[in-house]
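Here is what each chain is made of, one letter per residue.
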Amino acid sequence: MNDIRNNWTREEISDIYHRPLLQLVLEAADMHRRHHTFGEVQVSSLLSIKTGGCSEDCAYCPQAARYHTGVKVQALMKIAEVVEKAQEAKDGGASRFCMGAAWREVRDNRDFDRVLEMVKAVNELDMEVCCTLGMLTESQAARLAEAGLYAYNHNIDTSEDYYNNIIQTRQFGDRIDTLSHVRKAGITVCSGGIIGMGETDEDRIAMLHTLATLPKHPESVPINALVPVEGTPLGESQRIPFYDLVRMIATVRLVMPAAAARLSAGRLELSLAEQGMCFLAGANSIFAGDKLLTTPNPEFNSDLEMFGILGLKPKAAFADKPEMRPKEKDAIHA
Ligand code: SAM
Ligand code: DTB
Ligand code: SF4
């Protein structure tokens, strides 16, 4: 469909972002219906498999070792514990299980071997498996693909110009390199960012421009509202107004029509009506479960109630890529 373009200019994205809010929502809702089943929401569950003690200086992050945030450092979890959590998430209606590690980058060691085993084991549960482990080399991405990884989350977080105000221990280009390794390995790409870190509208537009002009759009674009955590440099940040989130999601929907727009961190602060407006503006994915990585998220039952009231239904696993279902793969290779 010619709605999908990779040659956006910043001016075009800026024009979209600055449209009158309700017009923007209306256009996004229309685009949403053209590319997705309206009301269907992809539900992911997050688990922090290795927590805290990270060497990076990401100004938003409670898991950076250099900030005193009260997050307890936890070594890499055992495979059986992770599988148990994945089964619980599946029983609660999640179709995707995302495992996060507070690493700067993956190292080729026994911890990585264990993560590969986790990926295989969760795959066996017939769930889409996702990881977010920091930077990857090309060969590490290939090994994850081989283990059956469905998606890799690696956020660019903000614009290239603003990046250095938030993170100094790596470069924006390092993130783009990892995204290309993931893409090359045939793993689906999940990449978005955070709003509410003191960035301007231009930074938000530039961030979306980077994602929308990648050779192929990410399959998922998480938009996180900063969760200010005491002890981090951004711990005293003001909450962004919810309509900034709506504007951001609607712009994602219009510039990357086929992507899943994930209403990610910050949902706990939103009312049902505010979340409803985000779904109308094209959000079609959430993190469910009462914890993100280290911070709280809405309770299972309140999300269930919201789905009932708004008439949303969870999307089945592998609906977009049946060929990535483990059973299908086995059949092809048999
Ligand atoms: N260490 C890996 C990395 O940085 O890619 C994976 C885990 S890291 C916690 C994953 C993402 O969580 C970050 O890129 C950021 O977008 C998001 N995140 C972390 N802390 C956050 C916060 N306080 N508020 C909102 N999003 C946050
Ligand atoms: C994403 O974009 N948001 C999630 C997930 N990808 C890994 C993480 C949000 C973390 C919020 C802070 C915390 O709970 O530590
Ligand atoms: Fe480490 Fe990731 Fe947190 Fe940055 S965002 S400090 S890389 S865990």
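Relevant structure appears above.
The model shown is predicted, which means the values in this text are computed figures rather than measured ones. What you see as residue numbers is a count from 1 along each chain, following the sequence as written. Chain labels run from A onward and ligand labels from 1 onward, assigned in the order the entries are written. Residues qualify for local features only when their pLDDT is at least 70, as the model is predicted, and side-chain atom pairs are given and counted only at 80 or more; totals for whole chains, interfaces and linings, by contrast, use all residues. Working from all heavy atoms in the structure, the side-chain values ignore hydrogens and water.

**Student:** Which residues make up the packing of helix α8 (residues 201-212) against helix α9 (residues 242-255), and what values do they have?
**Tutor:** The interhelical angle for the contact between α8 and α9, taken along N-to-C directions, is 25 degrees, at an axis separation of 11 Å. As far as their axial angle goes, α9 and α8 are roughly parallel. Here α8 and α9 pass one another in a crossing that is right-handed. Contact with α8, carried on its side by Arg204, Met207, Leu208 and Ala212, involves Asp244, Met248, Thr251, Val252 and Val255 of α9 and no other residues of that element. Residues are sorted three ways: Asp, Glu, Lys and Arg are charged, Ala, Val, Leu, Ile, Met, Phe, Trp, Tyr, Cys and Pro are nonpolar, and all the rest, Gly among them, are polar. The residue makeup of the contact of α8 with α9, split by class, is 6 nonpolar, 1 polar and 2 charged. Helix axes are fitted to C-alpha atoms over the stretch in contact, other axes to C-alpha atoms as well, and angles between N-to-C directions run from 0 to 180 degrees. Put simply, DSSP marks the helices as runs of H or I at least four residues long and the strands as runs of E at least two long, and each gets a number from the N terminus on. Roughly parallel refers to an angle under 35 degrees, roughly antiparallel to one over 145, roughly perpendicular to one between 65 and 115, and oblique to any angle outside these ranges. Handedness of each helix crossing follows the sense of rotation of the near helix against the far helix: counterclockwise by less than a right angle gives left-handed, clockwise gives right-handed. Working rule for contacts: check all heavy atoms of both residues, and any pair within 4.5 Å makes them a contact.

**Student:** Let's hear about the site of ligand 3: which residues, and what values?
**Tutor:** By convention in these notes, a residue is near a molecule or strand provided one of its non-hydrogen atoms lies within 4 Å of it. Around ligand 3, the structure places Cys54, Glu56, Cys58, Tyr60, Cys61, Ala64, Ala102, Trp103 and Arg170. Tallied by class, the residues present in the shell around ligand 3 amount to 7 nonpolar, no polar and 2 charged.

**Student:** Before we move on, can you summarise helix α1 (residues 10-17) with the specific residues and values?
**Tutor:** Every buried residue of α1 is listed here: Ile13, Ser14, Ile16 and Tyr17. For α1, the buried positions fall inside an angular range of 160 degrees around the axis, keeping them on one side. More than 90 degrees from the buried face of α1, the exposed residues found are Glu11 and Asp15. Looking at the packing, one finds that the buried side of α1 touches α2 (21-35), α8 and α9. For the exposure calls, accessible area comes from a 1.4 Å probe over protein chains only, and a residue counts as buried if that area is under 20% of its type's maximum, exposed if over 50%, partly exposed in between. By definition, the arc is the one covered by directions from the helix axis to the C-beta atoms.

**Student:** Give a description of helix α5 (residues 138-147) that names residues and reports values.
**Tutor:** Gln140, Ala141, Leu144 and Ala147 are the residues of α5 that are buried. Buried positions in α5, seen along its axis, are confined to an arc of 120 degrees and lie on one side of it. Looking at the buried side of α5, the elements it contacts are α4 (110-123), β4 (151-153) and α7 (172-184). Of the residues one or two after α5, Gly148 is the one with positive phi, at around 105 degrees.

**Student:** Please set out a nonpolar patch on the surface residue by residue, giving values where relevant.
**Tutor:** A grouping of Leu272, Ile309 and Leu310 is seen on the molecular surface, where their side chains present a nonpolar patch of about 230 Å² in accessible area. Within the secondary structure layout, Leu272 lies in helix α10 (residues 272-280). Note that patches include only residues with greater than 30% relative accessible area and no salt bridge, and the join distances are 9 Å for like charges and 5 Å for nonpolar side chains (Val, Leu, Ile, Met, Phe, Trp, Tyr). Each accessible area value is a Shrake-Rupley result obtained with a 1.4 Å probe; residue values ignore everything except the protein chains displayed when judging cover. Salt bridge, as used here: a side-chain nitrogen of Lys or Arg that lies within 4 Å of a carboxyl oxygen of Asp or Glu.

**Student:** Before we move on, can you summarise the packing of α1 against α8 with the specific residues and values?
**Tutor:** One way to put it is that α1 packs onto α8 with a least axis distance of 9 Å and a crossing angle of 120 degrees. Classified by the angle between their axes, α1 and α8 sit oblique to one another. Between α1 and α8 lies a crossing of right-handed hand. Mapping the contact onto sequence places Arg10, Ile13, Ser14 and Tyr17 in α1 and Asp201, Arg204, Ile205, Ala206, Leu208, His209 and Ala212 in α8. Residues belonging to the contact of α1 with α8 are distributed by class as follows: 6 nonpolar, 2 polar and 3 charged.

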